[in-house]
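# Summary of the model geometry
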Amino acid sequence: MTSSAAQAAPRLTTEQSVDALIKTIRIPPRPSLLADVQAELAVEDPDPRRLTTIIANDVAMSASLLKLANSSFFGLRLKAKSVEHAVSLLGITQCGNLMTGIIARQSLQVEKVSLIKFWDFSTKRAQAMTQLARRMRVCTGDLAHTFGLFCDIGIPLLLERFPDYAETLELANKEANQSFTAVEEQRHTTSHAAIGSLMARTWGLPESVSMAILLHHDYDVLDDPGTEESVKSLIALAVLAEYGIQKYHGQEFSCEWEKGGEAACAFLGLSADDVEDRFEELHELFNHSH
């Protein structure tokens, strides 16, 4: 365990008040459909037919998968006509990733709060991180996609738990000096990173994903030799992807980029010109996805 993770862990487990608080935050259990999909993907030689059967048994999931598979993002030459067709066109792993995202979206609903923007940003981040990971070969596209989707998954859970959490988000986004999670902890004695990491573990996501979720606002870990390379790669790619999305939407200034951009670029070995090239590529990706 890294020094940063070791510091974060006691906050989650030893202080009784925090422990009690976490019990009052509803972490949705892993849906059985997701468990079935993960079990199939985990076998040595996953069978497309078994995966097709698992997905096809759920009508809503099947419809969502076909809609996504046929979206312009994938740019498939052929349109998927059935779940089986979608699995063969996209491949097992890609379908597994899409199913995880669809299931997460259906499992997280917050009363009186629309999560449309949240999911739009999460989906864009997953797409951007997948492209960056493949381009730069720092981790697999699948790992990048999963982290991109789940990175901020603690936010809806905290919106549901605390009536004033939307205000906290606003403050944290504008905070120039303290870390994002420090603002959350002062106001709620927990953070979206801690809660999101817990949910990732509950849902059986890879260990490097749940660790990266826990640490993704702690940019010092990018220099920490004790932190796994895959965890650092995910955090650095997310910083780049998020700023790329903000720039695409016309937002030039970002507190998170100010705090973590330099460390992320140093870790990824990117010059200022490289960064501009990556942003241009992301711009094209998002234009193509509409």
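Everything below is about the structure printed above this text.
I will try to describe carefully the structure that is included in this document. Bear in mind that the values here come from a model prediction, so they are computed numbers and not experimental data.

In this section: the overall build of the protein chain. For the protein chain, the helix and strand inventory stands at 17 helices and 0 strands. Expected size for 290 residues packed as a compact globule is a radius of gyration near 19 Å; at 19 Å, the protein chain falls within 12% of this value. If you line up the protein chain on its principal axes, its C-alpha atoms span 50 × 50 × 40 Å. Expressed as a percentage of its 290 residues, the buried residues of the protein chain come to 51%. Contacts in the protein chain between residues at least 24 apart in sequence constitute 65% of all its contacts with a sequence separation of at least 6. Surface exposure of the protein chain reaches about 14,000 Å², of which carbon and sulfur atoms provide 52%. Put simply, the protein chain has 26 plus and 39 minus side-chain charges, and the middle of one group is 7 Å from the middle of the other.

Moving on to the nonpolar core. In terms of nonpolar packing, the biggest core is built from 89 residues, with Leu-65, Phe-147, Phe-150 and Leu-234 touching the most fellow members. A per-element tally of this core places helix H15 (residues 229–248) first, with 12 residues. With sequence-adjacent residues up to four places away left out, Phe-150 is seen in contact with Thr-100, Ala-104, Met-199, Trp-203, Leu-205 and Ile-213.

Let us look at empty space enclosed by the protein. The full count for this structure, using the stated rule, is 1 cavity of 30 Å³ or more. The space that makes up the largest cavity amounts to roughly 60 Å³. Classifying every residue of the lining of the largest cavity by side-chain character gives 5 nonpolar, 2 polar and 2 charged.

What follows is about the packing of helix H11 (residues 165–174) against helix H12 (residues 180–188). Between H11 and H12, the shortest axis-to-axis distance is 9 Å and the interhelical angle comes to 145°. Note that H11 runs across H12; the crossing there is right-handed. In contact with Tyr-165, Glu-167, Thr-168, Leu-169, Leu-171, Ala-172 and Asn-173 of H11, H12 contributes Phe-180, Val-183, Glu-184, Arg-187 and His-188. Each residue belonging to the contact of H11 with H12 can be placed in one class, and the counts come to 6 nonpolar, 3 polar and 3 charged.

As a further point, take the packing of aromatic side chains. Across all of its chains, the model carries 6 aromatic pairs by this definition. Seen from their ring centres, Tyr-243 and Trp-257 are 4.6 Å apart, and the 15° between their planes marks the pair as stacked. Within this pair, whereas Tyr-243 is found in helix H15, its partner Trp-257 is found in helix H16 (residues 255–268), the two being separated by 14 residues in sequence. The buried category is assigned to Tyr-243, whose relative accessible area is 8%. Chaining the aromatic ring pairs together yields one cluster made of Tyr-243, Trp-257 and Phe-279. For Lys-124, the ring lying beneath its charged end belongs to Phe-286, and the centroid distance is 5.9 Å.

Turning our eyes to something else, we now look at the environment of Leu-98. Inspection of the secondary structure puts Leu-98 in helix H7 (residues 92–107). Taking C-alpha positions, Leu-98 is 29 Å from Tyr-219, a pair spaced 121 residues apart along the chain.

Parameters at a glance
- Residues numbered from 1 in each chain as written.
- Predicted model: local features only at pLDDT ≥ 70, side-chain atom pairs only at ≥ 80, totals over all residues.
- Heavy atoms only, no water.
- Helix = DSSP H or I, 4+ residues; strand = E, 2+ residues; numbered from the N terminus.
- Rg over C-alpha atoms; globule rule 2.2 N^0.38 Å.
- Buried < 20%, exposed > 50% of the residue type's maximum accessible area, 1.4 Å probe, protein only.
- Contact = heavy atoms within 4.5 Å.
- Areas by Shrake-Rupley, 256 points an atom, 1.4 Å probe, with all protein chains shown as cover.
- Lys, Arg positive; Asp, Glu negative; His and termini not counted.
- Charge placed at Lys NZ, Arg CZ, Asp CG, Glu CD.
- Core = buried A, V, L, I, M, F, W, Y, C linked by side-chain atoms within 4.5 Å.
- 1 Å grid on protein atoms, 1.4 Å probe; cavity = no way out; pocket = protein on both sides within 12 Å on 5 of 7 lines; lining within 4 Å.
- Points joined across faces, edges and corners; volume = space filled by probe spheres on them.
- Nonpolar A, V, L, I, M, F, W, Y, C, P; charged D, E, K, R; others polar.
- Axes fitted to C-alpha atoms, helices over the stretch in contact; angles between N-to-C directions.
- Left-handed = near helix turned anticlockwise from the far one by under 90°.
- Phe/Tyr/Trp six-rings, centres within 6.5 Å; stacked < 30°, edge-to-face > 60°.
- Lys NZ or Arg CZ within 6 Å of the ring centre and 35° of its normal.

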